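If you want the building blocks of each chain, they are given just below.
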Amino acid sequence: MCDRIWGNGKENELSKPAQTLTVIPLGGLGEFGMNMMAFRYGDDIVVVDAGMMFPESELLGVDLVIPDITYLKQHREHVRAIVLTHGHEDHIGALPYILRDLNVPVYGTRFTLALAKKRLEEGGLLESAKLFEVTPGRLVEIGPYEIEFIPVTHSTIDCVALAIRTPLGVVIHTGDFKIDQTPIDNAPFDLHAFARYGNEGVLALFSDSTNVERPGFTPSERVVGPRIEELTRSAPKRVVLSCFASSIHRIQQVIDIAERVGRKVGFVGRSMVDNVEIAHDLGYLRIPDGMVVRPQDIRGFDPRKLLLLVSGSQAEPMSSMSRIAVDNHRLVTIDENDTIILSARIIPGNEKAIFRMLDHMFRRRALVYYDNAGGPIHVSGHASQEEQKMILRLVKPKYFIPVHGEYRHLFRHAALAHQLECVSGEILLMENGKVIEFTEDGAYRREPVTAGRVLVDSGSLEEIEEMVVRDRKHLSEEGVVIPIIAIDKHTGQVESAPEIVTRGLMSENGNEFLAGARDVVTRTVESSNVEERADWSVIKEKIRVDLKRYINKQTSKRPLILPVILEV
Ligand SMILES: [Zn+2]
Ligand SMILES: [Zn+2]
């Protein structure tokens, strides 16, 4: 391949005094999650998305990961707005943390803003936030930018791509998309808008690379309907379906199916209940009267007449699905021949937890469906190669920058574009913190800016330093607590009183504090059932959460808590 394609632009040359457009990726390149990209024309910065990422399990005690926004803080007086493409966590999840530092106006569509409001409310920031609702298909002026919100289809609703008009040219950012010709709400992907900009001439295209490894087209959301209906129709007892709580179209299809086969629906799990309520209130979800079973009636309801929509498809430790799997849920117990449908992608990194959860379901002799073997029960919300090609062909930009993917996805998306020969200028592989400046006569690489990950404890909303520093600091200031529990492998019984080892954690009433901590651990273990006790990741997480609460209350400290379970 020639250098022209793979270079990151020419080396620094003297920049011209005329206004230029600088692109500063702050997250989402070379990784899935925490999408954030800043555009700067002259002195005016507009930011696309403010996402978060869930931490890998090695990041003990870290609740979530957000982009480092040092660059934006250094230029705070120039940041005009954050513009949101859609409401997924990897696009809006960092908002509460960022607005705390940088209270700039936020633009988004109705559903996206409704989800953002929920996050801001939880962070106590809703009052002060400046939120502006935008209708898909409309134009908004922000500083020197004119931004069109172009309707696109994806796995949630009210999603847009952005056409950002600057004096130097138009930039298109696709956000997350697939091209669904038969969307559930009949709100189609606006191919015409992409074609219109393509004909006018586009300076740069930034496009979703997630599914570049998949040939062909991603099927319509509708394809999951028949299989889910078949499984629901033939289900001998209760149906429990788990999907992402933001997949409103999926939820709509499941409600429609339940209605057709004569089942009522119950919603279980906080995010499921919240999102259904928001979508229903805004008129995005049609739920026939009398269809919904109240939480308190779920337990006693005729299982042959019931379908439950449950959050926790990724087996998140404290989610409803995880609790149900180990029979520790207030509302739901799984019995023999109940039907479990996992209507979601198994996100890489979560396989172990998800399969452990499903094993618990199998152990209860439930009928478990988690892949597309007998017909699709899940379909992706991201464009495959043919759709990516279509966008490239329609937009035929001067510069093309793949976004939203790990490095190999970006690379392969670049290769795809190269093959099409529809990019008139250069294809640029960018990474977080690497800066490109567009001028009248080219694209130039500039000094990189600070970019990276910030680890956050969602309880205190405090930022946590990167790994080593964080641990060192954490240990020196807050100490470490190691609860040691001996569990009998066969009976699941706790063998002796738990032992608590602490280092560097000061407490005025040492013995009393330790006795209390031992009680907390004992209670946590005792209130857990045999399956939970046998599942060490579950029991450890429960102990960590309960101890954290107790210690914080007693000492207002947040030590590192590392539960150790001895098998005896
Ligand atoms: Zn998305
Ligand atoms: Zn995304």
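Because the structure is predicted, anything quoted here is derived from the model rather than measured. The residue numbers shown here count from 1 along each chain, following its written sequence. Chain letters start at A and ligand numbers start at 1, both assigned in the order the entries are written. Note on the predicted model: pLDDT of at least 70 is required for a residue's local features to be given, and 80 or more for side-chain atom pairs to be given and counted; whole-chain, interface and lining totals, by contrast, use all residues. Hydrogens are left out, water is left out, and the side-chain values use all remaining heavy atoms of the structure.

J.: For empty space enclosed by the protein, give the residues involved together with the corresponding values.
T.: In this approach the atoms are scanned with a rolling probe the size of a water molecule, which exposes any empty space left behind. Every definition here rests on a 1 Å grid over the protein atoms only: cavities are sets of points where a 1.4 Å probe fits but cannot get out, pockets are open sets enclosed by protein on both sides within 12 Å along at least five of seven lines, and lining residues have some atom within 4 Å of a point. Grid points are joined across faces, edges and corners, and a volume is the space filled by probe spheres set on the points. All chains considered together, the criterion is met by 2 cavities of 30 Å³ or more. What the largest cavity holds in volume is close to 100 Å³. Taken together, 15 residues make up the lining of the largest cavity; nearest its centre are Asn35, Met36, His173, Val403 and His404. Gly falls in the polar group here, along with every residue not listed as nonpolar (Ala, Val, Leu, Ile, Met, Phe, Trp, Tyr, Cys, Pro) or charged (Asp, Glu, Lys, Arg). When the residues that make up the lining of the largest cavity are grouped by side-chain class, the tally is 5 nonpolar, 7 polar and 3 charged. If you add up the space inside the second largest cavity, you get close to 70 Å³. In this structure, the second largest cavity is lined by Pro317, Met318, Ser322, Arg323, Val326, Asn328, Glu532, Val538 and Lys542.

J.: Would you mind going over the sheet that holds strand S15 (residues 306-310) in detail, with residue names and values included?
T.: Sheet strands line up and pair through hydrogen bonds in the backbone, either parallel or antiparallel. Any two strands are treated as partners once DSSP identifies two or more bridges connecting them. In this text, helices come from DSSP runs of H or I with a minimum length of four residues, and strands from runs of E with a minimum of two, each type numbered from the N-terminal end. Spatially, S14-S15-S13-S16-S17 is the arrangement adopted by the 5 strands of the open sheet, whose pairing is parallel. Each edge of the open sheet carries a strand with a single partner, namely strand S14 (264-268) and strand S17 (367-369). Sheet twist, expressed as the average angle between the axes of neighbouring strands with direction ignored, equals 20°. Bridge analysis of strand S13 (residues 239-242) against S15 gives 4 bridges, and the strand direction is parallel. Paired with Val239 across the two strands is Leu307, which belongs to S15. Any two residues whose heavy atoms approach within 4.5 Å are treated as being in contact. To define axes, lines are fitted to C-alpha atoms, for helices over the stretch in contact only, and angles between the resulting N-to-C directions are given on a 0 to 180 degree scale. The strands that helix H9 (residues 270-281) touches are S14 and S15; relative to S14, the one it contacts most, it runs at about 120°.

J.: Just give me the short version of the coordination of the zinc ion (ligand 2), but keep the residues and values in it.
T.: For the zinc ion (ligand 2), the protein coordination sphere consists of Asp90 (OD), His91 (NE2), Asp176 (OD) and His404 (NE2), at 2.1 to 2.2 Å. Counted as donors are the N, O and S atoms within 2.8 Å of the metal, or 3.2 Å for Na, K and Ca, while water is not among the atoms, so some sites may look incomplete. Tetrahedral means four donors with every angle between 85 and 135 degrees, whereas square planar (four donors) and octahedral (six donors) require angles over 155 degrees between opposite donors and between 65 and 115 for all others; sites fitting neither are termed irregular. Taken together, the 4 donor atoms coordinating the zinc ion (ligand 2) and their angles of 88 to 161° define a geometry best described as irregular. Each donor residue of the zinc ion (ligand 2) belongs to the same chain, with the gaps between them written as D-H-x84-D-x227-H. The metal-metal distance between the zinc ion (ligand 2) and the zinc ion (ligand 1) comes to 3.4 Å, with Asp176 coordinating both. Taken together, the residues Asp90 in helix H3 (residues 89-92) and His404 in the loop between strand S18 (399-403) and helix H14 (407-420) connect sequence positions 314 residues apart. As far as burial versus exposure is concerned, Asp90 and His404 are alike and both buried. Only protein chains enter the accessibility calculation, which uses a 1.4 Å probe; a residue is then buried when its area is under 20% of its type maximum, exposed when over 50%, and partly exposed in between.

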